[in-house]
Amino acid sequence: MNLDFSDDQKFLQDEAKKFFDKEGGLTNARAVMDNALDSDNELWQKIVELGWTGIRIPEEYEGLGLGHLELCVIAEELGRSLAPVPFSSSVYFFTEALIKFGNEEIKSDLLPKLVSGEVVGTYGIAEDTHQATESNLSVAVTSEKINGVKIAVPDAGVASQMILVVKSKSGTDLRLVDLNDVSVTITPQKNLDTSRAFFKVEFKDTPSKLLGESGKGWTYIQHLLDQAAVLFAFEQVGGSQAALDMAKAYSMERFAFGRQIGSYQAIKHKLADMYIAVTLAKSNCYYGAWALSSESAELPLAAATARVSATKAFQLCSKENIQTHGGNGFTWEYDCHLFYKRSKILSVLLGSEATWKEKLVTNLEKTNTLAKG
Amino acid sequence: MDFNDTPEQAKFRAKCREWLEVNAELKENKNSGHTDSTLEDHLKVAKAWQQKKYEAGWAMLHWPKEYGGIEASPIERIIWGQEEAKFNVPGGIFEIGLGMCGPVMMQYATEEQKDRYLAPMAEGKEIWCQLFSEPAAGSDVAGLRSKAERDGDDWIINGQKVWTSGAHYSDFGILVVRHDPNVAKHKGLTFFFVDMKSPGITVKPIKQITGQAGTGAGFNEVYFDNVRIPDSQRLGEIGDGWKVAITTLMNERLAVGDARGSDIEEALILSKTKDDAGEAMIKNDSVREKLADWFCEANGLKYTKFRTISALSKGEAPGPEASITKIVSANKLQEIGNFGIDSGDMAGMLIDENDGVSSFQGAWLGAPGLRIAGGTDEILRNVIAERVLGLPQDPRADKGIAFKDIPTKA
């Protein structure tokens, strides 16, 4: 039994934690928020220099050729520090899509540029206020040209390439577009967490390249979503733990009625419940990490479980962190709202909690027996 | 990451398995338990099984070699436990003795006493129980009030213990009592072991909310009416009772597992079952939401346990993550029991004439006890907050005053 990260992976996580602390921790997210930026470009350049954008990219394309577990430990630290960078868009989605479904020409062109930071990629799924399904997609491709509008596209302000699911004559395609093409119009969209930027992206006869086989796009994007769900869950666990740590520190220093508020059971039990939620989420993340790294057929169930559990944990920890801080927690000055807002963005970005609970149960329905621990 | 044994662990597992296959029968399915018609039958079978394990060296794996154990590592105990659980064998009788009483005797008893008591305990010839809780001392067990008064070479014990598992069939017990009410709460306690057949001891099974009393490893009240215990049966110094009790409870913590009974698997099977109209509950959105929540909890606990085992497997001290186990599993059990009963709609309340209480009904009836036994939900949240997160202790109204002056009434 070895449900743990290796010493090298733990070392990498420790390095990542030190890196984000040294670079200013939460101040970066706050700076992006206060100055209405698209992301923290300086922090991003340093991440590129550390080689993290190429973790999963094979060495033949100038990457580090490492596995998903290395991404998991970095994800947890990105989440802990609320790093305002396009890592998830470019690495979890765009890079993975190219590694798994790109042809040789696409890979040899773009993968080295993702390593060097010359290219940042993103992804487009949502089109309207309702949940995207294979049958309600309206962005469509005809003779390689895409028309339509994707919304809530993260990081389109800094990305130059994008993958997206579109309706095609054989069903759904996963396609690659160059966002610098004149046919593309990118408009910022206001959102709840301004430490991250989202955009409306309009395509008018935009040239595109097919990834993988035509007609299989929906299956591909589901797989990419499952993979990303595990990595986002690690970010959520990192954020949950940071919010719990912040609540704990405050409960030790704040006095009321002549004692530390952390000595009241009302606060202790609240923090204990946060700890329970984070622990369950973390263990479900380890299961997800195992399924992801071993390319297990259990990935859809493991991903949904990690996702639901981590979404619950981050939402609980971030809202109860505000509560523990009392009035201070409701001010812009205190960092509590950074976690609260990021937890909401992460909870809907891949589809809502209800959507993932439905995926979880759909996968449970398919299993006949469950191994009991 | 993988779920495999190391070569040494695989070898140990094979050794366990090989012996079990020769000496016991595999369970038909993993939920079928060992049942005997009467308590006497159960004890007989359990003692015979313990004797068999003792002769082959499987009875007390973690004990030091000088007392007949093999000093098994925690991971080896887990492997043995996993393998033994697959076989139809009796359990629930010797855990308190081997897990708590044995180690405390090894630490505090005389050489003669160890020679006299440890082997029969390990062999299953003598059963031991633990006499700590009292009617007025549950979560606050150090507030116990049973008295010990010195009389020559003996102590005279008066008072009452409660929630004593197995007292009705135990031969010996370990006991904490108050020898001095004039000093602070934790300072006036002394620890003994006692012959449960001593004159003046009365054991009364407790009728629980399940309606059961004196069945299996059930709970008891134990009354002490001028019971004489020789001073030679004192464990530790006079006034060190709390320290000795804490050592004992640390040993207990290793043994506390998760709540057994209906889990997500049974809830899922029930949900998939079609009713007379051909409908299955799993098609109902509110049921789906509950299944998702329970699966996240059950799976989270499963992999929490795997994380602990992984640490032990590498010879590392596990993190504090296992502290969430009972609180999550007992509450989940209560919810799933409730769901199972509700699924029968109006018939859900009825108890089957032939089969008796269903597993869901049993879970619902038993879960309130599990949320209390071995640390209430509230105490466990305090433990997580204080020992895991490091928050300050509650201010205590009984601190620094003589036990006799501690308020007990409004």
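The structure presented is a predicted model; accordingly, all values stated were derived computationally and were not measured. (Residues numbered from 1 in each chain as written. Chains lettered and ligands numbered in written order. Predicted model: local features only at pLDDT ≥ 70, side-chain atom pairs only at ≥ 80, totals over all residues.)

## Some remarks on the domain arrangement of chain B
We apply this condition: Per the annotation, domain bounds derive from an automatic or database assignment of domains.
With domains assigned, chain B is organised as domain 1 (7–91), domain 2 (128–253) and domain 3 (257–373). Each of domain 1 of chain B and domain 3 of chain B has a C-alpha centre, and the two are 26 Å apart.

## Focus on the interface of chain A and chain B
As a reminder of what qualifies: Working definition of a contact: two residues with C-beta atoms, positioned from the backbone, lying within 7 Å. Each helix corresponds to a stretch of at least 4 residues labelled H or I by DSSP, and each strand to a stretch of at least 2 residues labelled E; elements are numbered beginning at the N terminus. All amino acids are sorted into three groups, where Ala, Val, Leu, Ile, Met, Phe, Trp, Tyr, Cys and Pro are nonpolar, Asp, Glu, Lys and Arg are charged, and the leftover types, Gly among them, are polar.
In this complex, chain A contributes 39 residues to the contact, which on the side of chain B involves 44 residues. Elements with a minimum of two residues in the side of chain A that touches chain B: helix 7 (217–253), strand 10 (259–260), helix 8 (265–293), helix 9 (299–325) and helix 11 (353–366) of chain A. Of all the elements, helix 8 of chain A adds the most residues to the side of chain A that touches chain B, at 16 residues. Split by residue class, the side of chain A that touches chain B holds 17 nonpolar, 14 polar and eight charged.

## Some thoughts on the environment of A:Gly215
By secondary structure assignment, the location of A:Gly215 is in the loop between strand 8 (209–211) and helix 7. In contact with A:Gly215, other than residues within four places in its own chain, are A:Ser168, A:Ser170, A:Gly171 and A:Thr172.

## Points about the domain arrangement of chain A
Residues and elements named next belong to chain A. Taken domain by domain, chain A comprises domain 1 (7–116), domain 2 (121–215) and domain 3 (218–366). Relative to domain 3, the C-alpha centre of domain 1 lies at a distance of 21 Å. Taken together, the 21 residues of domain 1 in the interface contact 20 residues of domain 3. Tallying contributions element by element places helix 4 (residues 68–81) first for the side of domain 1 that touches domain 3, with 10 residues. Its residues placed into classes, the side of domain 1 that touches domain 3 shows 12 nonpolar, four polar and five charged.

## Section: the nonpolar core
A general feature of soluble globular proteins is that nonpolar side chains tend to end up buried together. Definition in use: As used here, a nonpolar core is made of buried Ala, Val, Leu, Ile, Met, Phe, Trp, Tyr and Cys residues. They are joined through C-beta atoms within 7 Å. Exposed residues have 12 or fewer other C-beta atoms within 10 Å of their own C-beta, buried residues have 20 or more, and partly exposed residues fall in between, where C-beta atoms are placed from the backbone.
Membership of the largest hydrophobic core comes to 155 residues, with the highest contact counts inside it found for A:Ile163, A:Ala229, A:Val230, A:Ala233, A:Leu271 and A:Cys285. If you tally residues by element for this core, the top one is helix 7 of chain A, at 18 residues. Ignoring any residue separated from it by four or fewer positions in sequence, one finds A:Leu271 in contact with A:Leu244, A:Ala247, A:Lys248, A:Ser251, B:Ala385, B:Leu389 and B:Leu391. If you look at the next biggest cluster of nonpolar residues, it comprises 48 residues, including B:Leu98, B:Phe193, B:Val227 and B:Ala245.

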